[in-house]
Amino acid sequence: MSTFKYNRLDKNDAAVLLVDHQTGLFSLVRDIGAADFKNNVLALASVAKFFDLPTVLTTSFEQGPNGVIIPELKEKFPDAPFISRPGQINAWDNEDFVKAVEATGKKQLIIAGIVTDVCVTFCALSALEAGYDVFVVTDASGTFDEACRYAAWDRMSRAGVQLVNWFSVVCELHRDWRNDIEGLGSLLAGFIPDYKNLMTSYAATSNTGSPSK
């Protein structure tokens, strides 16, 4: 008899941590194309907004070469906790960041950031050690190359971190299309061009009662 328990994401118990999505660090990401990577980061941010998930933003050494947080994230979360770490590489080493995470009151942490093998991995492992259920969004996290990425994924998954992508996150949180067909469809269409085509066809079919010619 299997002892496996499916620990699925719950929109009522999840928070999002966006770690070091900074202008300078973006230039280091080489394991995924720049346009696709930014699209995925903003898609995850939109997922957090869609489900009204508590979101914490953090940066590392902004006054140095890492640069400032990308403006799209600040614009999307103007009122979210924003922790500008003066030097700690591991966000969990910053007391203000940990307090902001604790203040969400959530048990599940959805984490993404730059770079995967450092800022994401260190934070994820620390959160896991602190007793949280940790989900790392692989396609909204980036690093130098595929070797670094796979090594980081292996290290985290062996420790108990669940590796997901932003599409699986939104679907697992939503559970059932009937909860909001148009809302979910619009969100997906905004970041997946082919899904925009599907939504256009669906709208045409819904309006006419039969497939469009």
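Each chain carries its own residue numbering, running from 1 in the direction its sequence is written. The model is predicted, so local features are restricted to residues of pLDDT at least 70 and side-chain atom pairs to those at 80 or more, both for listing and for counting; the totals for chains, interfaces and linings are taken over all residues. Derived side-chain values reflect all non-hydrogen atoms in the structure, with water molecules and hydrogen atoms excluded from consideration.

If you check an unreviewed UniProt entry, the chain appears there as Nicotinamidase-related amidase from Nostoc flagelliforme CCNUN1.

Student: Looking at this structure, how should I read the overall build of the chain?
Tutor: Secondary structure elements are taken from DSSP: a helix is a run of H or I of four residues or more, a strand is a run of E of two residues or more, and numbering for both begins at the N terminus. Across its full length, the chain carries 9 helices and 6 strands. Reported as C-alpha extents along the three principal axes, the dimensions of the chain are approximately 60 × 50 × 35 Å. Taking the intrachain contacts of the chain between residues at least 6 apart in sequence as the baseline, contacts between residues at least 24 apart amount to 77%. In the chain, which carries 19 positive and 26 negative side-chain charges, the distance between the mean positions of the two groups comes to 5 Å. Contacts are assigned to residue pairs that have any heavy atoms within 4.5 Å of one another. Charge counting treats Lys and Arg as positive and Asp and Glu as negative, with His and both chain ends excluded. To locate a charge, the coordinates of NZ of Lys, CZ of Arg, CG of Asp or CD of Glu are taken.

Student: Could you clarify how one ought to interpret the side chain of T121 in this entry?
Tutor: Looking at the secondary structure, you find T121 in helix α5 (residues 116-129). In this structure T121 touches T116, A152, R155 and M156, once residues within four positions along its chain are discounted.

Student: Is there a simple way to explain helix α4 (residues 95-103) in this structure?
Tutor: Turn by turn, an α-helix covers 3.6 residues, leaving residues three or four places apart pointing in a common direction. Residues of α4 that are buried include every one of F97, V98, A100 and V101, and no others. Down the axis, α4 shows its buried residues gathered within 160 degrees of arc, on one side only. For α4, the exposed residues lying more than 90 degrees away from the buried face are E95 and A103. The elements touched by buried residues of α4 are β1 (14-19), β2 (55-60), β3 (82-85), β4 (108-113) and α5. Within 3.5 Å is the distance limit for a polar contact, defined as a pair of N or O atoms, with the added protein rule that one can donate a hydrogen and the other accept it, and that residues adjacent in sequence qualify only through two side-chain atoms. Measuring from the backbone nitrogen of D96 back to the side-chain oxygen at the start of α4 gives 3.0 Å, which picks out N94 as the cap. Where α4 ends, the next residue or the one after it, G105, has phi of about 70 degrees, a positive value. Burial status follows relative accessibility: with a 1.4 Å probe on protein chains alone, a residue under 20% of its type maximum counts as buried, one over 50% as exposed, and anything between as partly exposed. In this context, the arc is that of the directions from the helix axis out to the C-beta atoms.

Student: Help me understand the nonpolar core, please; the structure alone is not making it clear to me.
Tutor: Most often, soluble globular proteins keep nonpolar side chains buried together rather than apart. For the purposes of this section, nonpolar cores are sets of buried Ala, Val, Leu, Ile, Met, Phe, Trp, Tyr and Cys residues that join through side-chain atoms within 4.5 Å. Of all hydrophobic cores here, the largest spans 42 residues; its most connected members are I110, V137 and W166. When residues of this core are traced back to their parent elements, those giving at least two are β1, α1 (23-26), α2 (34-50), β4, β5 (133-137), α7 (166-174), α8 (181-191) and α9 (193-208). Take this core: its biggest share by element is 8 residues, from α2. Counting the residues that make up this core, at least three belong to each of domain 1 (14-175) and domain 2 (177-206). With sequence-adjacent residues up to four places away left out, V137 is seen in contact with L44, I110, I111, A112, V164, N165, W166 and V169. Of all hydrophobic cores here, the second largest spans 25 residues; its members include A15, L109, C119 and V120. All the domain ranges listed were derived from an automatic or database domain assignment.

Student: Is there a simple way to explain the pairing of β5 in this structure?
Tutor: Successive residues of a regular strand alternate their side chains across the two faces of the sheet. The element β5 is extensively covered by neighbouring structure, given that 4 of its 5 residues are classed as buried. Two strands qualify as a pair provided that DSSP identifies no fewer than 2 bridges between them. As defined by bridge partners, β4 adjoins β5 across 4 bridges and the pair is classed as parallel. If you follow Q108 over to β5, its bridge partner there is D133. Viewed with both strands pointing away, a crossover whose connecting path from the first strand over the helix to the second turns clockwise is right-handed. For the segment spanning β4, α5 and β5, crossover handedness is right-handed. Both β5 and strand β6 (residues 162-164) contribute to a ladder of 3 bridges, which runs parallel. If you follow V137 over to β6, its bridge partner there is V164. Crossover connection from β5 via helix α6 (residues 146-159) to parallel β6: handedness right-handed.

Student: I'm lost on the sheet that holds β2 in this one. Help?
Tutor: Think of a sheet as strands paired side by side through backbone hydrogen bonds, with each pair either parallel or antiparallel. Strand order in the open sheet formed by 6 strands is β3-β2-β1-β4-β5-β6, and the pairing between neighbours is parallel. Where the open sheet ends on each side, the last strands, each with one partner, are β3 and β6. The sheet shows a mean angle of 25 degrees between the axes of neighbouring strands, direction not considered. Helix axes use the C-alpha atoms of the stretch in contact, all axes being lines fitted to C-alpha atoms, and the angles between their N-to-C directions lie in the range 0 to 180 degrees.

Student: Where do I start with the UniProt feature "domain: Isochorismatase-like" (unreviewed entry) in the chain in this structure?
Tutor: UniProt positions are given in the numbering used here, feature names are shortened, and annotations may be inferred rather than shown by experiment. In this structure's numbering, the residues bearing the UniProt feature "domain: Isochorismatase-like" (unreviewed entry) are residues 15-164. Its end C-alpha atoms 15 Å apart, residues 15-164 is made of 43% helix and 19% strand.

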